[in-house]
Every structure is written in C-alpha cells, then in structure tokens.
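Examination of the molecular architecture
Chain residues, written in single-letter form:
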Amino acid sequence: MKGLRSIVAVVVLGLAVHAFASWQVDVTTSSGSLFKPSSPATTTQVPFVINTFGPFFAPASATVSSLPQVTFLTNSGTPHPILTGDGTHFTGGTYTATYSITGPTLTGFNFVLSGFVQDLGQIIWSKKVVNLDNSQVLYNGSGFFSGDGYAGGSDGNVGFNIFVPIAPATRVQVIETFIVHIDGAPAPGPSTAALLFVEQDWVPEPASMLVLGSGLAGLMALRRRNRK
C-alpha cells in the first residue's frame, strides 16, 4: 500500500502542476488589406478566439489556464473576409497577425491553416516564432498554395495541420503574414484565393506530463500485479 500511496501522490502532484499553470496571450495585430485595380486599399479587421474566449479584435489579451490556442477567423473579417476574386472586385490582399505568449515552458505547437484556391488564385504564407528572452528564432517557415492555373497547382480546399517542435521557451512572439491574389485575373470571376482560418495549438514542456504519465503507468502495473 505504501507504493500505491507514493504513486497516487505523484499523480496528484502532476495534476496540480498542470491545473495551476496559466499563460498570458496578447494579440497586438490581426488585420488585412484588400486591393482593387486603380483603387485605394481597403482595411479589414479579423476577429480571433483565444481558447474559448472571444471573438476579439486586436489588440486584446486573455489569461488561460489550459494550453494556449489562438484561432484567427480570417473568413469573418470586418468589413470583408480575406478573399480575392470569386464574387468580389478584389484582386489581391494581405493579412498580418502578431501575438505573444508568456507562462510555463512551451516546446511546440500544432499549426493549422485552411484556405481555398481556384484557377489563378494563390495563397502565400510565412510564419516566424521568436524567443523574447534571447531573440532566438525558434521557427521560420513559409510556403504557398496555387490553383490549377499554375503548373503543379490544384483547385479546391487547401491547408495543413502540422506539429512544429521548438526549443523550450517561456516567452514567445509569433509573426505571421499571408498574401492572397489572383494574378491579375478578372474580378469578379472564377479565380479565387480565400484564407479561411489560421490556428495554433501550443504544447507545454513534457516534464509535468511525463510525471503524470509515469504515475498512471505505475498505477496500472500495480493493479495488474495485484490481480495475479
């Protein structure tokens, strides 16, 4: 029974560490510009959700006790979504989001991007994550999606859900930019580039999760031994 009590204590400790963890999320920018030929750019504000809080418009902050999740609702921009072509007169546009997270150590994030391209529509993205304590660049990525008007392109829904590991950090800044355009095709018209949403789900330092996992594994082993 002494061994069981020790394992239970470890599990309780792991749960307590996780339960009292909190992160401060500060979003400073979430806006875009959409362009028409021979017309001034139109600014659009993009709402976002921090975990279950919001939707907010930048600047906004939230303190969360569960792992940070930041979702930019680019398809719900005000007054316009981040969309070019299709039924609009916009032929190009940009979107920029910047935010920071401060709290217990983070070691990675799931990066989710969803969009739609058709014909000469194209989405170009870049994302940088920086450790604010030492200015180390933790991640610097970029890419693009193209409709079938480009060699190797394909029409339809595009996107990904990838895990990005980073060096452990307690203060990070994220800067991401997106370009949507239809390469001079007529608008309105069939060519389309739409950024639907952008999400990031952060992952903590694995130490506390390993403590919890080890405790649960020990409980299961002890239970199997007692059944023999």
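Refer to the structure printed above.
Below you will find a few notes about this structure. (Residues numbered from 1 in each chain as written. Predicted model: local features only at pLDDT ≥ 70, side-chain atom pairs only at ≥ 80, totals over all residues. Heavy atoms only, no water.)

**Description of the pattern of salt bridges**
Side-chain pairs of opposite charge can arise where the charged atoms are in close proximity. To keep things clear, this is the line we draw: Salt bridges, as used here, are contacts in which a Lys or Arg side-chain nitrogen is within 4 Å of a carboxyl oxygen on Asp or Glu. Helix numbering and strand numbering both begin at the N terminus, where a helix is a DSSP run of H or I of at least 4 residues and a strand a DSSP run of E of at least 2. Burial classification: accessible surface area is computed with a 1.4 Å probe over protein chains only, and a residue below 20% of its type maximum counts as buried, one above 50% as exposed, and the rest as partly exposed.
A full pass over the atoms with the stated rule returns two salt bridges. With its nearest N and O atoms 2.5 Å apart, the salt bridge here joins K127 to E176. Of the two residues, K127 is situated in strand β9 (residues 122-131) and E176 in strand β11 (residues 156-181); the sequence distance between them amounts to 49 residues. Like K127, the residue E176 is buried in the burial classification.

**Describing the environment of Q45**
Which entries qualify depends on this criterion: By definition in these notes, contact holds between two residues if any of their heavy atoms fall within 4.5 Å.
Among the secondary structure elements, Q45 is positioned in strand β2 (residues 42-45). Exposure remark for Q45: the relative accessible area of 31% places this residue in the partly exposed category. Spatially, the C-alpha atoms of Q45 and S33 are 8.8 Å apart, while their sequence positions differ by twelve residues. Apart from residues lying up to four places away in sequence, Q45 is in contact with S30, S31, F57, G77 and T78.

**Focus: the nonpolar core**
To keep it simple, the criterion reads: By convention a nonpolar core is built from buried Ala, Val, Leu, Ile, Met, Phe, Trp, Tyr and Cys residues, the set being connected through side-chain atoms within 4.5 Å.
Counting residues in each nonpolar core, the largest one holds 41 residues, and the members touching the most others are F72, Y99, L195 and W202. Aside from chain neighbours lying at most four places away, what touches L195 is T74, N75, I82, Y95, L113, S114, G115, I123, F178 and V180.

**Details of the packing of aromatic side chains**
Our working definition: Planes of paired rings set the category: under 30 degrees apart is stacked, over 60 is edge-to-face and the rest tilted, where pairs are Phe, Tyr or Trp rings (Trp by its six-membered ring) whose centres lie within 6.5 Å. As a reminder, the over-ring test applies to NZ of lysine and CZ of arginine, requiring each to be within 6 Å of the ring centre and within 35 degrees of the ring normal.
In total, this model carries twelve aromatic pairs according to the counting rule given. Ring geometry for F109 versus F111: centroids 6.4 Å apart, planes at 55 degrees, classification tilted. There is no split in this pair, since F109 and F111 are both buried. Here the aromatic rings of F111 and F160 are separated by 5.0 Å at their centres, their planes lie at 75 degrees, and the arrangement is edge-to-face. Here F111, found in strand β8 (residues 92-118), pairs with F160, found in strand β11; they are 49 residues apart in sequence, far enough to count as distant. In this structure, F111 and F160 share a single accessibility class: buried. Three or more aromatic residues joined by ring pairs form one cluster here, namely F109, F111, W125, Y139, F145, F160 and W202. A cation over an aromatic ring shows up here: K127 above the ring of F111, its NZ or CZ 4.2 Å from the ring centre.

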